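# Inside the fold
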Amino acid sequence: MSKFWSPLVKDLVPYVPGEQPKLSKLVKLNTNENPYGPSPKALAAMQAEIGDSLRLYPDPNSDLLKQTVANYYGVQPAQVFVGNGSDEVLAHLFYGLFKQDLPILFPDITYSFYPVYCGLYGIQYETVALADDFSLDVSAYAKPNGGIIFANPNAPTGRLLALDEIRCLLELNRESVVVIDEAYIDFGGQSAISLVNDFPNLLVTQTLSKSRSLAGLRVGLAVGHAELIEALERVKNSFNSYPLDRMAIVGAAAAFADDDYFIDTCSKVIESRNEVTTALAALGFNVVPSAANFIFASHPARDAATLAQGLREQGVIVRHFKAARIDQYLRITIGTPEQNQALLEALKPLCA
Ligand SMILES: *Cc1c(COP(=O)(O)O)cnc(C)c1O
């Protein structure tokens, strides 16, 4: 703390990202990165962009990428917003859509960045408790609110809310914005983007960090009614005109264009998730049904923090949250078959 800080900074409670260890030998299953590399076509597009053109600013509107995403989802480019990671997209939508008189609503267990944005922008919020099995009951959101947001599949639980339930929530809630954070949707769910033309208050966010294996590039997006998108553009153009650099624009567009690679790598992750789920159950874990690229599991006879520490001592890192209701769970990212094997080998002596 310094006397030079603004009063606002003094009270901020920042988000704590998962560790990015400097040691490369670790089996890193803690931040839900994709174990397979980005599309070779995305890498080639980015390499081709490195040259004299870097002296010029990028397209401030990222039109190439917006058009590519619009084609992919069958919407208009004016219904697409892109940003420097979906975290930045979320930051802009909290400011541009959620700063209202009524509190916004989100589950008590969900992406822990949401309360951080509320703190940054002075947005009131109320949490709505998930059921004991971490499922979400949409009828619990039928009350006056300044907006609703949750991740689907949820994080860190991995549980999926079916598309017809989301439609039901939207029918119950037409007077405020509903945001579905689909960071993990490609690993087993159906995107709510198919509903944006029916509900002008629906905004869906996605990221290229997980299913498209480009966490290091920082590209995220939102799809919704053009008027919601315009709110985000107004915030973005009051903050940073060029959130996506030249490499990010061409790399992300090429990744979206390479559907074969995308489908192949997502299928491999899903197959591994099913295998790891079975193996963890055999070790005695209770595994929450997951539609994401990670598994949320607890062991009835072993303390989760102790397990995480025991894994770390064997070079395997997973995520443990010291938070209410979930402090006996581990969130384990699905890795390559070799990494998953290393995880299971390291868990065996800890669970015996
Ligand atoms: C990873 C993640 C994000 C952020 O993704 P970036 O595009 O890398 O900023 C957003 N929401 C959820 C639920 C996530 O898990």
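Throughout this description, residue numbers start from 1 for each chain and increase along the sequence as written. With pLDDT at 70 or above as the cut-off, local features in this predicted model cover only qualifying residues; side-chain atom pairs require 80 or more to be listed or tallied, and sums for whole chains, interfaces and linings still use all residues. As a rule here, side-chain values cover all heavy atoms of the structure and leave hydrogens and water aside.

## Here we look at a nonpolar patch on the surface
To be explicit about the condition: The residues that make up patches have over 30% relative accessible area and no salt bridge, and they are joined within 9 Å when like-charged or within 5 Å when they are Val, Leu, Ile, Met, Phe, Trp or Tyr. For every accessible area listed, the method is Shrake-Rupley and the probe measures 1.4 Å; residues are considered covered only by the protein chains on display. Here, a salt bridge means any Lys or Arg side-chain nitrogen found within 4 Å of an Asp or Glu carboxyl oxygen. Only DSSP runs of H or I reaching four residues or more are called helices, and only runs of E reaching two or more are called strands; each is numbered from the N terminus. Buried, partly exposed and exposed residues are distinguished by accessible area as a fraction of the type maximum, computed with a 1.4 Å probe on protein chains only: under 20%, between the cut-offs, and over 50%, respectively.
On the surface, a cluster of nonpolar side chains totalling about 760 Å² of accessible area is made up of Met1, Phe4, Trp5, Leu8, Val9, Leu12 and Leu120. Along the chain, Trp5 falls in the segment before helix H1 (7–10). On the basis of relative accessibility, which here comes to 43%, the residue Trp5 falls in the partly exposed class.

## Notes on the domain arrangement of the protein
The cut-off we apply is this: Note: domain ranges come from an automatic or database domain assignment. A contact between two residues is defined here by any heavy atoms of the two lying within 4.5 Å. Note: buried area is the sum, over both parts, of the accessible area (probe 1.4 Å) each one loses when the two are combined.
Entries for the protein in the domain assignment read domain 1 (7–37 + 260–351) and domain 2 (40–258). Between the C-alpha centres of domain 1 and domain 2 there is a distance of 24 Å. On the domain 2 side, the residues contacting the 31 residues of domain 1 number 33 residues. If you sort the residues of domain 1 by the area they bury against domain 2, Tyr15, Phe262 and Arg325 come out on top, with a joint share of 29%.

## Description of the packing of helix H4 (residues 85–97) against helix H5 (residues 114–121)
Under the convention used in this document: To define axes, lines are fitted to C-alpha atoms, for helices over the stretch in contact only, and angles between the resulting N-to-C directions are given on a 0 to 180 degree scale. Under this scheme an angle from 65 to 115 degrees is roughly perpendicular, one under 35 degrees roughly parallel, and one over 145 degrees roughly antiparallel; angles in between are oblique. For any helix crossing, the convention is left-handed if the near helix is rotated counterclockwise from the far helix by under a right angle, and right-handed if that rotation is clockwise. Lys, Arg, Asp and Glu make up the charged group, whereas Ala, Val, Leu, Ile, Met, Phe, Trp, Tyr, Cys and Pro make up the nonpolar group; the residues left over, Gly among them, are polar.
H5 packs onto H4 with a crossing angle of 50 degrees between their chain directions and a minimal axis gap of 10 Å. The orientation of H4 with respect to H5, classified from their angle, is oblique. Our pair here, H4 against H5, has a crossing hand that is right-handed. From H4, Asp87, Leu90, Ala91, Phe94 and Tyr95 reach across to H5, where they touch Tyr114, Tyr117, Cys118 and Tyr121. Broken down by class, the residue content of the contact of H4 with H5 amounts to eight nonpolar, no polar and one charged.

## Topic: the nonpolar core
A general trend in soluble globular proteins is that nonpolar side chains are found buried together. Heads up, the condition is: Among buried residues, those of type Ala, Val, Leu, Ile, Met, Phe, Trp, Tyr and Cys that are joined through side-chain atoms within 4.5 Å constitute a nonpolar core.
Counting residues in hydrophobic clusters, the biggest one holds 53 residues, and the most contacted among them are Leu65 and Leu202. Considering every element that reaches this core, the biggest residue donor is helix H8 (residues 246–257), with eight residues. Each of domain 1 (7–37 + 260–351) and domain 2 (40–258) contributes no fewer than three residues to this core. Beyond its immediate chain neighbours, meaning those up to four positions away, Leu202 contacts Leu170, Val178, Ile180, Ala192, Leu195, Val196, Val223, Gly224, His225 and Leu228.

## A look at the sheet that holds strand E9 (residues 286–287)
Filter applied, for reference: Each pair of strands is called paired provided DSSP finds at least two bridges between the two strands.
Strand order in the open sheet formed by three strands is E9-E10-E12, and the pairing between neighbours is antiparallel. Looking along the sheet, the strands with just one partner apiece sit at the ends: E9 and strand E12 (330–333). Sheet analysis places E9 next to strand E10 (residues 294–298), joined by two bridges and oriented antiparallel. Its bridge partner lying in E10, Asn286 is registered against Ser298.

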